[in-house]
Amino acid sequence: MHREIMFSDIGAKQRIFECCGVSDASDYVEIFNNSETWTNIVPESCCNLPMLRSQGIDCSEVAANVLADDLDANRIYNQGCVEAVVSKVTLSYVVAGIVSAAFFAILVENLLLGCIVSLYLGST
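Residues numbered from 1 in each chain as written. Predicted model: local features only at pLDDT ≥ 70, side-chain atom pairs only at ≥ 80, totals over all residues. Heavy atoms only, no water.

Asker: Please set out the overall build of the chain residue by residue, giving values where relevant.
Answerer: For the chain, the count of helices and strands is six helices and zero strands. Each helix and strand of the chain, placed in order from N terminus to C terminus, yields the pattern α-α-α-α-α-α. Taking all 124 residues of the chain together, 24% fall into the buried category. In the chain, once contacts between residues fewer than 6 apart in sequence are set aside, the share between residues at least 24 apart is 58%. Entry remark: accessible area of the chain is about 8,500 Å², with carbon and sulfur atoms responsible for 64%. (Helix = DSSP H or I, 4+ residues; strand = E, 2+ residues; numbered from the N terminus. Buried < 20%, exposed > 50% of the residue type's maximum accessible area, 1.4 Å probe, protein only. Contact = heavy atoms within 4.5 Å. Areas by Shrake-Rupley, 256 points an atom, 1.4 Å probe, with all protein chains shown as cover.)

Asker: How would you sum up the environment of Pro-50? Please name residues and give values.
Answerer: Along the chain, Pro-50 falls in helix 3 (residues 49–55). For Pro-50, a relative accessible area of 54% corresponds to the exposed category. Sequence-wise, Pro-50 and Arg-75 are 25 residues apart; in three dimensions their C-alpha atoms are separated by 8.9 Å.

Asker: Summarise the state of the cysteines; cite the residues concerned and give the values.
Answerer: In total, this model carries three disulfides according to the counting rule given. Two residues share a disulfide in this structure: Cys-19 and Cys-81, whose sulfurs sit 2.0 Å from each other. Disulfide Cys-19-Cys-81: the torsion about the S-S bond is 90 degrees, which places it as right-handed. Placement of the pair is Cys-19 in the loop between helix 1 (2–17) and helix 2 (27–33) and Cys-81 in helix 6 (residues 81–123), with a sequence separation of 62 residues. The burial state of Cys-19 is the same as that of Cys-81; both residues are buried. Disulfide partner of Cys-47: Cys-59, at an S-S distance of 2.1 Å. (Disulfide = S-S within 2.5 Å.)

Asker: I'd like a rundown of unusual backbone geometry, residues and numbers included.
Answerer: Phi angles above zero are rare outside glycine, and Glu-18 is one such case at about 50 degrees. Position of Glu-18 relative to the elements: it lies in the loop between helix 1 and helix 2.

Asker: Talk me through the nonpolar core; I want residue IDs and the actual numbers.
Answerer: Grouped together as the largest cluster of nonpolar side chains are 12 residues: Cys-20, Ala-25, Tyr-28, Val-42, Cys-46, Cys-47, Leu-52, Cys-59, Val-62, Ala-63, Ile-76 and Tyr-77. Among the elements that make up this core, the one with the highest residue count is helix 4 (residues 59–64) (three residues). (Core = buried A, V, L, I, M, F, W, Y, C linked by side-chain atoms within 4.5 Å.)

Asker: So, the side chain of Gln-14: which residues are in play, and what are the values?
Answerer: Relative to the assigned elements, Gln-14 resides in helix 1. Note on Gln-14: relative accessible area 1%, which makes it buried. Ignoring anything within four residues of it in the chain, the contact list for Gln-14 reads Cys-19, Cys-20, Gly-21, Tyr-28, Pro-43, Ser-45, Cys-46 and Cys-81.

Asker: Please set out a nonpolar patch on the surface residue by residue, giving values where relevant.
Answerer: Taken together, Phe-103, Phe-104, Leu-107, Val-108 and Leu-112 make up a surface patch of nonpolar side chains, about 520 Å² in accessible area. With respect to the secondary-structure elements, Phe-104 resides in helix 6. Residue classification places Phe-104 among the exposed residues on the basis of a relative accessible area of 54%. (Patch = residues over 30% accessible without salt bridge, like charges linked within 9 Å, V, L, I, M, F, W, Y side chains within 5 Å. Salt bridge = Lys/Arg side-chain N within 4 Å of Asp/Glu carboxyl O.)

Everything listed here is a matter of coordinates, which is why it stays silent on function.
Take a look at the structure:
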């Protein structure tokens, strides 16, 4: 029961950030199986659903028996969630910085235009 609750919460995050595991998909082998097999280890939230749908493959089949070919074919998200979150947060800060700079540039432009109009009206 505890494992299902944990997977549902982690699964939601993995779907949002399109990632699998902390470092990569192999984290599930290390945590839950401690062996070299992948059988029934990777949760379905690690499946790259758009890729699988385009290939007509069922996610549960891939998640139940993950092979190196699945990682190579991008059927399973192999980017770790730490890296995915850092990338998205960094991108958000970059976008916020660009928007802030554009807003500041418009503000300065309007201030200068106001000064020029004020000087022009004051001299006439």
